[in-house]
Amino acid sequence: MRVLASAPSQCYNFKNVRIGSGGGFVSGIVFNPGKKGLAYARTDIGGAYKLKADGSHGWDPLQDAVTGPIGVIVEVSRVYLFAGLSYYGDPNNASILCSTDYGRTFSKTKLPFKTGGNMPGRGMGERIDSNMNRVLYLGNRSGNGLYKSSDYGATWSKVTMEHPVTDPRIFVGVAEKGTETVYVTEDGGYTWFKLAGQPVGYISHRGVFSPKEKVLYVSYTDGTGPYDGSAGYLQKYNLTDKSWTDISPIRDAFGFGGLAIDLQKPGTLMTWRGAWEWAPWPQKMFFNYDVSSAPWLYDPNSGEEFRKLVGWMIESLTIDPFDLYGTGANIFGSRNALNWDTADANNRNITLESVATGIEETSIQAFLAPPNPVWSTTRDLDYAGNVPSKIVRIGTDGSGSTKQVAIFPRLCYVWRTGSGSVFVSTSDSADFVTSSGVLRGAIIGADRRVDKCFYAASGSAFYASSDGAVTFTQKTAFTTSFSSAAAFEIVAHLSKGSDVWVSSSAGLHDSTDGGNTWTSVSATAGGYPAIFLVGVVDGMQGVYRSDDAGVSWFKINDATKWGGGSPDTIPVSADLRQYGRVSLGMNGRGIFQASPWMEFVGVR
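Residues numbered from 1 in each chain as written. Predicted model: local features only at pLDDT ≥ 70, side-chain atom pairs only at ≥ 80, totals over all residues. Heavy atoms only, no water.

Some details on the overall build of the protein
Cut-off, in case you're wondering: Comment: elements are numbered from the N terminus, with helices defined as DSSP H or I runs of at least four residues and strands as E runs of at least two. Only protein chains enter the area calculation, which uses a 1.4 Å probe; residues under 20% of their type maximum are buried, those over 50% are exposed, and those in between are partly exposed. It only takes one pair of heavy atoms within 4.5 Å for two residues to be counted as in contact. Areas reported here follow the Shrake-Rupley algorithm with a probe of radius 1.4 Å; residue values treat only the protein chains shown as occluding.
Counting its regular elements, the protein contains one helix and 47 strands. Classification of the 604 residues of the protein by burial places 51% in the buried group. Relative to all contacts within the protein whose residues are 6 or more apart in sequence, the contacts with residues 24 or more apart total 48%. Accessible area of the protein: about 26600 Å², with a carbon and sulfur share of 52%.

Things to note about the sheet that holds strand 2 (residues 12-17)
Quick reminder of the rule: A pair of strands is considered paired only if DSSP assigns at least 2 bridges between the two. Axis definition: a line fitted to C-alpha atoms, limited for helices to the stretch in contact. Angles are taken between N-to-C directions and run from 0 to 180 degrees.
Read across the sheet, four strands follow the order 2-47-46-45 without closing on themselves; strand pairing throughout is antiparallel. The two strands at the open ends of the sheet, each matched to only one other strand, are strand 2 and strand 45 (572-574). Along the sheet, successive strands turn relative to each other by an average axial angle of 25 degrees, direction set aside. Judged from the four bridges that link them, strand 46 (residues 582-585) and strand 47 (residues 591-596) form a sheet pairing that is antiparallel. Directly across from Ser583, in strand 47, lies its bridge partner Gln593.

Looking at the nonpolar core
For clarity, the threshold we go by: The criterion is simple. A nonpolar core is a set of buried Ala, Val, Leu, Ile, Met, Phe, Trp, Tyr and Cys residues joined through side-chain atoms within 4.5 Å.
In this structure, Val414, Val422, Val438, Phe454, Ala456 and Phe472 are the most contacted members of the largest nonpolar core, which totals 15 residues. Mapped onto this core, the elements with two or more residues apiece are strand 32 (412-417), strand 33 (422-425), strand 35 (443-446), strand 36 (454-458) and strand 37 (461-465). If near-sequence neighbours (up to four positions away) are discounted, Val438 is found in contact with Val422, Ala456, Tyr463 and Phe472.

Some thoughts on the sheet that holds strand 6 (residues 59-61)
Whenever strands of a sheet pair, they do so through backbone hydrogen bonds, lying parallel or antiparallel. Judged by pairing direction, the sheet is antiparallel, and its four strands sit side by side in the order 3-4-5-6 without closing on themselves. The sheet terminates laterally at strand 3 (26-31) and strand 6, the two strands that pair on one side only. When strand polarity is set aside, the average angle formed by the axes of neighbouring strands in this sheet is 25 degrees. Pairing of strand 3 with strand 4 (residues 39-43), which is carried by five bridges, proceeds in the antiparallel orientation. Looking at strand 4, one finds that Val26 is bridged to Thr43.

Some details on the packing of aromatic side chains
Let me state the cut-off plainly: Two aromatic rings from Phe, Tyr or Trp, using only the six-membered ring of Trp, form a pair when their centres are within 6.5 Å; if the ring planes differ by under 30 degrees the pair is stacked, by over 60 it is edge-to-face, and anything between is tilted. Put simply, a charge is over a ring when the Lys NZ or the Arg CZ is close to the ring centre, within 6 Å, and near the line of the ring normal, within 35 degrees.
Counted under the stated rule, the structure contains nine aromatic pairs. Grouping aromatic residues by their ring pairs yields a cluster made of Tyr455, Phe462, Phe478 and Trp518. Positioned over the ring face of Tyr152 is Arg78, at 3.9 Å from the centre of the ring.

As structure tokens, then:
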């Protein structure tokens, strides 16, 4: 929504609400080879993180102003991120972000093509490689080829077959099926050729080079991942005799995802079956399981076989000397993986523990979290105004459609899905029936004080119901200035009946008589509760607060917190017990809670 008014800044402190370590896909983990204990993790929608140096296995976020890293490379104090929000929906091209201070600050270089951190194939190895500090190589998707930088990522040029490359030997894997996919140059890029004798059919998914052995290890799968991959194998290529060897523990029964080698013990490697694998396969081997830092990973309602969910979408395995692997939900680690080498089966167990504290990657679509910690997706939540302890949640049926729910304490439940009809149930046991008098796909909301009063909006039309949403009556349009206005959300006053607000593409609108008359944000009301919005004020997108019913606005975020995205996809919930405190649901960074700075330092 847009509000035309000046908006001074106000100092707020933003911090993450800890949901519990992880909650999203960790697509890559990279250790710095030049400094022990220095590691970075990349996620598909939640930005990049740096491992804390205190040994706590905690992580610090690096990208609360931007999202979508799909490649990470580190070199002592330098870290490079290959980032893009979306290949299809984002009008902006991809960028290389470079930091020379361990990720505290970044400079940006725009690239001449797009990328997306949440696209298929986002776990297929690091897209950036380097053998000299100033020289970087960047492998791109969608036919954009190989790019090179010779000045620490400041400028880039496309590598061609005749383009000289600084390093004598470079291996490149291509995401194609039905052909040879591993290429090599032995003369710094003057000539390229496919490695002879390599397997044909599947995609070369991950490649790791063991310098002491002079062996290239490659995992193969029949899909780009991270969701697919039902067949594949493991191969190694020996540079000395130029031979390929199949080393698959089981061939073609599943695709192979993450792949790692132990540089301190040549010939030791780890891999994961299936890029998309829900079953607890390592349970057939030897391990203990510690999820005390993320207890939601343990599902008490499942059978014993599936109680230990050690992850799925295992695209990143890394050996430091201790092991970390990124999954579709978390980062797990082990510091005693050498136990797997012992011949004594009674002492072979290793411990896998959740080590993702600080990584909050859940995609928040609604607040008022239910007590059951194993519900994976909540589309919407509501509470009854007169009985706040009564909460209703709507989940997902896999359709991916937008869903909305509203409740009133006299056992009236209203919901709709996507562009479908509005439905109502008048008791806990009654079936849902179609509400009459309201358009399909309308957004809905409940009055917090008036019995059986519900609201709906579609376009600029506004509807109200006084019989528990069984029937709706069209009221006055909330705006007549925009013929194609789109309503985003309906919010009722916390303590005043019939006082309802609508946010829309045409602005912010308030009615104090249940939708009969409307005013814009220019109206004043002394002592009115604080209003928060995520939108555009005076041409600037941000998070705003108004203390005078929308006459004036304060911008409460800066460029380091919430750097963009569509405002109408970010749920907002004000704290009803503490003035000025607000929570924001982020797409990939969990929940941010923001408080006025004076409250944060202890002044009331």
